Amino acid sequence: MCRMIIDKLRRPLHDLRISVTDKCNFRCQYCMPAEIFGPDFKFLNKDEILSFEEIERLARIFSKLGVKKLRITGGEPLMRKNIALLISKLNEIEGITDIGLTTNGVLLVKQSKELYEAGLRRLNISLDALDNEIFQKMNGRGVKSDVVLRGIETALNTGFSVKVNMVVQKGVNDSQIIPMAKHFRDMGITLRFIEYMDVGNTNGWNWNQVVTKKEIYDLLSEHFTLKPVDSNYYGEVAKRYKYKDSETEVGFITSVSESFCSTCTRARISADGKFYTCLFAAKGHDLKSLLRNIDDDEQILNEISGIWQNRNDRYSDERVIGSVSSSKKIEMSYIGG
Ligand SMILES: Nc1nc2c(ncn2[C@@H]2O[C@H](COP(=O)(O)OP(=O)(O)OP(=O)(O)O)[C@@H](O)[C@H]2O)c(=O)[nH]1
Ligand SMILES: C[S@@+](CC[C@H](N)C(=O)[O-])C[C@H]1O[C@@H](n2cnc3c(N)ncnc32)[C@H](O)[C@@H]1O
Ligand code: SF4
Ligand code: SF4
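Looking at an unreviewed UniProt entry, one finds the protein chain named GTP 3',8-cyclase, with Lederbergia citri as its source organism. Quoted verbatim from the Pathway (unreviewed entry) field of UniProt, the annotation for the protein chain is "Cofactor biosynthesis; molybdopterin biosynthesis." In its Catalytic activity (unreviewed entry) section, the UniProt entry covering the protein chain states "GTP + AH2 + S-adenosyl-L-methionine = (8S)-3',8-cyclo-7,8-dihydroguanosine 5'-triphosphate + 5'-deoxyadenosine + L-methionine + A + H(+)".

Pasting the structure below:
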């Protein structure tokens, strides 16, 4: 039986974002700057990260508390060995109606087929520029945009529903807004522009590098006519529009300029099994120790339930009104976005 719970701001628990690894084959400056995440950086050891059995057990417990939607993320989730096996296990959980995975797309040519066979149907693929010089610099590994575009094409041919994520940074890739919009509109793929966020402590974020939804919308309006689309469900992250005379959508993720904390239904689990009630949290709750020391699921469920019922996070709202404290936040690559 499913037990619905709400937090202190009356927000239900609906989504669980699971980070399956803290490692990545990119070094995007806005997420894992190469200067910090260099050869000496200490990533989590194998025994520190949750096993597939532990992730599946947690997902089952969360589903009993109202979670219907899972998102697999990282680091780069396709770098976790046998990730398709985990997807197939999660797909069997009663009550889970939607599983998505967010990836930089590099390994999709190799893995699309097995992911699809495991039951995955939705992929969000990140690509910040078509221009190679810009993209190679942004991903910090010199990978060309063609590699990701081939991943996208393979995913589409396999049968996946695909959306593309583009983080926009002023003076870095804002010149790519229109080329990216045209390219993905012509392909019939939803492109979502993401406002550059102050996640973690290492990306050197400042307001001057943010390109807001309004700025992007105004620029797009010089080239296209956009019509707003109603949100699909309570707490949807993106604000969606359709291009006139087309069924293709474009979206905006506006955590900085128009925060959406009041309907935030998302819980997060880091690769090492910490439970975070906000992307910008400073501290997680250690579920790994509970999983490794307690056999009774009901006891773990009660712990999780108590944490959610105590939740009052609204970091982005507080940023908008200028009241955030400067406490240390977790890194994006560790929590998965
Ligand atoms: N501030 C904030 N950003 C979020 C939240 N959820 C997702 N994001 C950001 O939204 C961007 C896109 O995330 P995705 O991993 O593609 O997931 P999504 O957009 O929630 O996925 P679907 O709507 O299910 O397709 C990333 O930059 C995330 O960090 C949230 O609760 N708060
Ligand atoms: C942390 S990544 C993990 C999944 C995968 N490696 C990828 O890049 O798609 C998840 C999403 O967060 C986005 N992201 C990372 N750092 C960000 C930042 N500082 N501001 C906004 N979005 C960010 C990425 O572009 C990506 O779409
Ligand atoms: S955004 Fe994704 S691809 Fe880029 S460094 Fe972070 S985890 Fe890796
Ligand atoms: S900032 Fe925190 S509370 Fe607000 S939407 Fe993002 S994860 Fe949810």
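After presenting the structure, the write-up continues.
Q: Help me understand the overall build of the protein chain, please; the structure alone is not making it clear to me.
A: What the protein chain contains, in helices and strands, is eleven helices and twelve strands. Taken against the 2.2 N^0.38 rule, which gives 20 Å for 337 residues, the C-alpha radius of gyration of the protein chain at 19 Å falls within 12% of a compact globule. Taken along its principal axes, the extent of the C-alpha atoms in the protein chain is 55 × 45 × 45 Å. A burial count over the protein chain gives 56% of its 337 residues as buried. Taking the contacts inside the protein chain whose residues are at least 6 apart along the sequence as the reference set, 74% of them involve residues at least 24 apart. As displayed, the protein chain has an accessible area near 15,200 Å², and 49% of this comes from carbon and sulfur atoms. When the 49 basic and 45 acidic side-chain charges of the protein chain are each reduced to a single mean position, those positions are 1 Å apart.

Q: Any chance you could explain the site of ligand 2 here in plain terms?
A: Neighbouring ligand 2 are 20 residues, the closest being Tyr 30, Gly 75, Ser 126, Val 167 and Met 197. Separating a nitrogen atom of ligand 2 from a backbone N or O atom of Tyr 30 is a distance of 3.1 Å. A distance of 2.9 Å is found between a nitrogen atom of ligand 2 and a backbone nitrogen or oxygen belonging to Met 197. Relative to its free-state accessible area of 540 Å², ligand 2 is covered by the protein chains to the extent of 94%. Those elements that provide at least two residues to the shell around ligand 2 are strand S3 (98–103), strand S5 (161–168) and strand S6 (190–195). In terms of residue class, the shell around ligand 2 is built from eight nonpolar, ten polar and two charged.

Q: Please explain the site of ligand 4 as it appears in this structure.
A: Taken together, the residues surrounding ligand 4 are Phe 260, Cys 261, Cys 264, Arg 268, Cys 278, Leu 279, Phe 280, Arg 311, Asp 313, Tyr 315 and Ser 316. Residues that form the shell around ligand 4 fall into these classes: seven nonpolar, one polar and three charged.

Q: Mind showing me how you'd approach the pairing of strand S10 (residues 266–269) here?
A: Note on strand geometry: in a regular strand, side chains alternate between the two faces of the sheet. Neither face of S10 is exposed, since Arg 266 and Arg 268 on one face and Ala 267 and Ile 269 on the opposite face are all buried. As judged from the four bridges shared by strand S1 (residues 15–19) and S10, these two strands associate in the parallel manner. In the strand pairing of S10, Asp 15 is matched with Arg 266. As consecutive antiparallel partners, S10 and strand S11 (residues 274–276) are separated by four residues, and within that stretch Gly 273 has a phi angle of approximately 80°, a positive value.

Q: I'm lost on the UniProt feature "binding site: [4Fe-4S] cluster 1" (unreviewed entry) in the protein chain in this one. Help?
A: Within the UniProt annotation, "binding site: [4Fe-4S] cluster 1" (unreviewed entry) is assigned to Cys 24, Cys 28 and Cys 31. Along the polypeptide, Cys 24 turns up in the loop between S1 and helix H1 (52–63). The buried category is assigned to Cys 24, whose relative accessible area is 15%. Not counting chain neighbours up to four residues away, the residues in contact with Cys 24 comprise Met 32, Gly 75, Glu 76, Met 79 and Asn 104.

Q: Would you take a moment to explain the packing of aromatic side chains for this structure?
A: A complete count under the given rule lists 14 aromatic pairs for this structure. Seen from their ring centres, Phe 41 and Phe 43 are 4.8 Å apart, and the 65° between their planes marks the pair as edge-to-face. When its relative accessible area of 32% is taken as the criterion, Phe 41 is described as partly exposed. With a relative accessible area of 17%, Phe 43 lands in the buried category. Taken together, the ring pairs connect Phe 193, Tyr 217, Tyr 241 and Phe 252 into an aromatic cluster. Above the face of the Phe 252 ring, Lys 213 is positioned so that its terminal group lies 5.7 Å from the ring centre. Sitting over the ring of Phe 280, Arg 319 keeps its end group 5.3 Å from the ring centre.

Q: Would you explain the UniProt feature "binding site: [4Fe-4S] cluster 2" (unreviewed entry) in the protein chain in this entry?
A: Within this structure's numbering, the places UniProt gives as "binding site: [4Fe-4S] cluster 2" (unreviewed entry) are Cys 261, Cys 264 and Cys 278. Spatial clustering of the annotated residues is evident: they stretch over 18 residues in sequence, but the largest pairwise C-alpha distance comes to 9.4 Å. Residue position: Cys 261 is located in the loop between strand S9 (249–253) and S10. Note on Cys 261: relative accessible area 10%, which makes it buried. With residues near it in sequence (within four places) discarded, Cys 261 still touches Arg 11, Arg 314, Tyr 315, Ser 316 and Asp 317. Here Cys 264 lies in the loop between S9 and S10. Leaving out residues up to four positions away in the same chain, Cys 264 has contacts with Arg 11, Pro 12, Trp 308 and Arg 311.

Q: I would appreciate a short explanation of helix H5 (residues 145–158) in the present structure.
A: An α-helix turns once per 3.6 residues; consequently, residues spaced three or four apart project the same way. In this model, H5 (14 residues) spans 20 Å end to end at C-alpha, consistent with the 20 Å of a helix rising 1.5 Å per residue. Each element contacted by the buried residues of H5 is listed here: helix H3 (108–117), strand S4 (122–126), helix H4 (132–139), S5 and helix H6 (177–187). Of the residues flanking the end of H5, it is Gly 159, one or two places downstream, whose phi is positive at about 115°.

The rules behind the values
- Residues numbered from 1 in each chain as written.
- Chains lettered and ligands numbered in written order.
- Predicted model: local features only at pLDDT ≥ 70, side-chain atom pairs only at ≥ 80, totals over all residues.
- Heavy atoms only, no water.
- UniProt positions renumbered as here; feature names shortened; annotations may be inferred.
- Helix = DSSP H or I, 4+ residues; strand = E, 2+ residues; numbered from the N terminus.
- Rg over C-alpha atoms; globule rule 2.2 N^0.38 Å.
- Buried < 20%, exposed > 50% of the residue type's maximum accessible area, 1.4 Å probe, protein only.
- Contact = heavy atoms within 4.5 Å.
- Areas by Shrake-Rupley, 256 points an atom, 1.4 Å probe, with all protein chains shown as cover.
- Lys, Arg positive; Asp, Glu negative; His and termini not counted.
- Charge placed at Lys NZ, Arg CZ, Asp CG, Glu CD.
- Near = heavy atom within 4 Å.
- Polar contact = N/O pair within 3.5 Å; in protein donor to acceptor, adjacent residues only side chain to side chain.
- Nonpolar A, V, L, I, M, F, W, Y, C, P; charged D, E, K, R; others polar.
- Pairing = 2+ DSSP bridges.
- Phe/Tyr/Trp six-rings, centres within 6.5 Å; stacked < 30°, edge-to-face > 60°.
- Lys NZ or Arg CZ within 6 Å of the ring centre and 35° of its normal.
- Expected span 1.5 Å × (residues − 1).

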